[in-house]
Structure formats: structure tokens, C-alpha cells
Amino acid sequence: MRIACLGWGSLVWDKRTLPTLTPWFQNGPFLPLEFARQSSDDRLTLVIAASYAVCSRSLWTVLSVESPEQARHVLGEREGVQGTNLSKHIAVWPCEGSEDPIQKRVGAWARELRLSAVVWTALPPRFNGAERVPALDEALAYLKGLPDTSQRKAERYVRMAPVQIDTPYRRRFEEALGWTPVRSIVDYASVQHSTSSGDATTKGYWETARSRVANFWKKNDVVNCERVYPKQGGTCEMCGYTPIHWHFALSNQRTGAVITVARNCISNFYVLTGQKIHFPPHLRKAGNLLSKLYPGSVLQLEPAVTLPELTPEEEYDDDAPHYGIGMSDEAFEQWDSLGLDPWDPDPNDLAPF
Ligand SMILES: [Zn+2]
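As a convention, each chain's residues are numbered from 1 in the sequence order in which they are written. Whole-chain, interface and lining totals are the exception, using all residues; otherwise, since this is a predicted model, local features are given only for residues with pLDDT of at least 70 and side-chain atom pairs are given and counted only at 80 or more.

Novice: What's the story with the overall build of the protein chain in this structure? I'm lost.
Specialist: Where helices and strands are cited, they refer to DSSP runs of H or I of at least four residues and of E of at least two residues respectively, numbered from the N terminus. Secondary structure summary: the protein chain contains 12 helices and 13 strands in total. Once C-beta atoms are placed from the backbone, any two residues with those atoms within 7 Å are in contact. A separation of at least 24 residues holds for 66% of the contacts in the protein chain among residues at least 6 apart in sequence.

Novice: Any chance you could explain the sheet that holds strand β7 (residues 90-93) here in plain terms?
Specialist: Read from one edge to the other, the open sheet built from 4 strands follows the order β6-β1-β8-β7, with strand pairing classed as mixed. In the strand order of this sheet, the two ends are held by β6 (59-62) and β7, each with one partner. Across the sheet, the mean angle separating the axes of adjacent strands is 25° when strand polarity is ignored. When DSSP finds at least two bridges between two strands, those strands are taken to pair. Helix axes are fitted to C-alpha atoms over the stretch in contact, other axes to C-alpha atoms as well, and angles between N-to-C directions run from 0 to 180 degrees.

Novice: What's the story with the nonpolar core in this structure? I'm lost.
Specialist: Most often, soluble globular proteins have nonpolar side chains that are buried together. The nonpolar core criterion groups buried Ala, Val, Leu, Ile, Met, Phe, Trp, Tyr and Cys residues into a set whenever they are joined through C-beta atoms within 7 Å. Put simply, a residue is buried when 20 or more other C-beta atoms lie within 10 Å of its own C-beta and exposed when 12 or fewer do; between those, it is partly exposed, and each C-beta is set from the backbone. One finds Ala4, Cys5, Leu63, Ala71, Val118 and Val119 to be the most contacted residues of the largest nonpolar core, which totals 50 residues. Listed in part, the 29 residues of the second largest apolar core include Met238, Phe248, Ile259 and Phe279.

Novice: Looking at this structure, how should I read unusual backbone geometry?
Specialist: Peptide bonds are trans in most cases, and residues, glycine excluded, mostly fall at negative phi. Trp93 connects to Pro94 through a cis peptide bond whose omega is 5°. Position of Pro94 among the secondary structure elements: in the loop between β7 and α4 (101-112). Of note, Arg16 is a non-glycine position whose phi angle comes to about 50°, a positive value. When the 9 C-beta atoms within 10 Å are taken as the criterion, Arg16 is described as exposed. Its identity as a non-glycine residue notwithstanding, Asp42 has a phi of 75°, on the positive side. Along the polypeptide, Asp42 turns up in the loop between β3 (33-38) and β4 (44-48). For Asp42, a count of 15 C-beta atoms within 10 Å corresponds to the partly exposed category.

Novice: What should I look at first to understand the packing of helix α5 (residues 136-144) against helix α7 (residues 168-177) in this one?
Specialist: Between two packed helices, what matters for the description is the angle formed by their axes and the separation of those axes. The geometry of α5 relative to α7 is characterised by a closest axis approach of 10 Å and an angle of 45° between their N-to-C directions. As far as their axial angle goes, α7 and α5 are oblique. Crossing geometry of α5 relative to α7 is assigned as right-handed. Contacts from Leu136, Ala139, Leu140 and Leu143 in α5 reach Pro168, Tyr169, Arg172, Phe173, Ala176 and Leu177 in α7. Among the residues forming the contact of α5 with α7, the class breakdown is 9 nonpolar, no polar and 1 charged. Should an angle lie under 35 degrees it is considered roughly parallel, over 145 roughly antiparallel, and from 65 to 115 roughly perpendicular; all remaining angles are considered oblique. The crossing is said to be left-handed when, going from far helix to near helix, the turn is anticlockwise and less than a right angle, and right-handed when the turn is clockwise. For this classification, the nonpolar set comprises Ala, Val, Leu, Ile, Met, Phe, Trp, Tyr, Cys and Pro, the charged set comprises Asp, Glu, Lys and Arg, and every other residue, Gly included, is treated as polar.

Novice: Explain helix α6 (residues 148-160) here, please?
Specialist: Every α-helical turn comprises 3.6 residues, leaving residues that sit three or four positions apart pointing alike. In this analysis, the expected span of each helix is defined as 1.5 Å times one less than the number of residues it contains. The first and last C-alpha atoms of α6 sit 18 Å apart over 13 residues, in line with the 18 Å expected at 1.5 Å per residue. Of all the residues in α6, the buried ones are Ala154, Glu155, Arg156, Tyr157, Val158 and Arg159. In this structure, the buried side of α6 is in contact with α1 (10-13), β3, β4, α5 and α7.

Novice: It is not clear to me how α4 should be interpreted in this structure. Could you clarify?
Specialist: Helix length check: α4 (12 residues) gives 17 Å between terminal C-alpha atoms against 16 Å at 1.5 Å per residue, within 8%. By the burial criterion, the buried members of α4 are Val106, Trp109 and Ala110. An end-on view of α4 places all buried positions within 100° of arc, on one side of the element. Away from its buried face by more than 90 degrees, α4 exposes Pro101, Lys104, Ala108, Arg111 and Glu112. On the buried face of α4, the contacting elements are β1 (3-7), β7 and β8 (117-121). Positive phi shows up at Arg114, right after α4, with a value of about 55°. In this context, the arc is that of the directions from the helix axis out to the C-beta atoms.

Novice: Even after reading the chapter, I still don't get the confidence of the model for the protein chain, so can you show me in this structure?
Specialist: In low-pLDDT regions, the fine details of the predicted coordinates are not to be read closely. Mean pLDDT for the protein chain: 80, with 79% of residues reaching 70 or above. For residues 184-201, every residue scores under 50 in pLDDT, and the model assigns this stretch 28 contacts once sequence neighbours within four places are set aside. Here residues 304-308 scores under 50 on pLDDT; set against residues more than four positions off or in separate chains, the count is 4 contacts. Per residue, pLDDT measures the predictor's confidence, with a range of 0 to 100.

Here it is, written out as C-alpha cells:
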């Protein structure tokens, strides 16, 4: 059974206990999402607003579960939804005889991807104690009026939301409050340091990264990316963040030392050292992707440059799918049969929270 879970808010960057088999993919169903639910800690969180006309494209992942019921339970656990609320606030498709337009929309999408079931969080909008979507002006005034600590949490939530969740409220928040979307930890760190006393986790990130880079690299050392491979639940050796999916093995040409990092740390390595990481021609696809995501952080070698020796296992055809390396045949087939693009950006490793 292929069971998918939809995401659009903090689930995407903070899945906690949710047992996922894949990264988050960006081509979920279009849903009427809006920042329309006051959470217990005063954030305005993204929920499906059934009556809403504007839609954003949700994200999705494959769950490691045996049945739709189990999927409902694991998502309920992550969302803190229990008991009788489980069937009310965690939706499951298919749902016999349902006339719900969201069910129909999700169903049409799921059939195309040959998914057996889909689960998603169906918490209703809520504002000032009523089950309703706040008007745009109300929402803006509410966020503006929050005390400092709550406002920082609310800001972080809005800015961390995946860029593709492009809603009218989000545009207005960006315009009025400057809450631009965060694309990488680099942006987020600078935001935190400039607007508040700083987020301990974020400061910790830079301290850890700086000290590990200092152990690995001295000025003018050349650093090559040797290998790129996917592995669920890995750890970035530069910042300690886990879980990461895509691993980039970087080697220091002078010392031979190797450090395996998540891709946002490729960019942050450049921020810390001012030095670009060399990507040899056989990793051109990875290099191109990183150049697009983090301009200036990667240097792509021309074929004429001498390359580090590769073992036969590491040497492979550039046209072959990169995800074959380091992945079990079973996992490979699963990805392949799902038609998944392994180079879909993986928001899991966007930020170290
Ligand atoms: Zn890292």
C-alpha cells in the first residue's frame, strides 16, 4: 500500500515522529490553504479553508505505515490530535460516499499517482474563539498586536512556510511586516540576528558549523565534492542536523579528510570560508542544482581539470540516475515506481530545527 501524507505548514520542516519513507515532494494537490487558525501559542497557522477560492499547491510524502487507519494515527500523534477528534481532524482518502470537495480534489490527484490512501490534517479555521477565517485586515492587526515572543514565533511560522504556499494573506504579511519567505538557513539566521535577541538553536548552528569547519579546513585548502547519495535519517557532520536525506561527501585535497554534509551546509561552508566547493564533471547534475539553489557556493570543474581518483563503484555514467548509489534495490524500485524525481528540493534539510 502506498499511503501519502499531505503537508503545507510546520509538518514539512518539523515532522517529528511522523514515519516518512521519502522527502517532501512539491507536487501535491492544490488546496485552499490560508493562515487562518489561531494556535494555542498565538501563531496564525495554515489550514484548509474549505470556502476559500484561492488555492496553493501542497506538498506530500510517503508514510511508512501498513494501513490508512495507522496513517491517521501517526499523523494524529504528530499533530496532538486524539480520541474522537482523530476521525474529525485527521482526514483520510478514500472516504466512501463523501461529497466533500476537498476529498474529491485529493482523490483526483491521488488516483493519478496510483496512491492507495492519503491522510492530511483537517483542523478547521479558528479566530477569537469562533470557527471562522479571519478577514485579511483582522489577521494583520492581530499579528501586529502580538507581544514580542509570540510575534517572533508567528513570524517564524509564516516565513518558514514552503515558498509554494503563496496565499493572499502571506503576500500582505510580507508587504506590511517584511515577513519574506525563508529559503535557507543562511537567510533565517540573518533575520533572527537582526530583529531579535536571537534564536539559541540558530546561534548554536553557526557555532557548531564554524568549529567543525575549522577542524576540517585551513585557508586556501581546496575542497572537492566526491560523492552525492541519498540515505534516510542521516546526520550532517558540519552542523549536526538530523535527519538529512541527501548527503554530500566533501574531501579536503590537502589532508584527505572527508566531511559529509547536507546541501544547505554546502552553501554555508561558502558563507563561513568564502571558498567555493569544487564539483567534478561527473557530479554536474548535483552541481547545477546547488548553483541554482545557492548561487555562488559551488564551482563546477571543467573536464580538463585533474580529478581525484574514483573507485569503480563511485564512477558511473552521468546519465544514469544518481539515486541508485547507496540506496537499496528495494528503495530504488519504490522511488522509481512512484515516478519520483530525486532532485526535487528536499525541504527537510532547509533548517536545523
Ligand atoms: Zn548541516
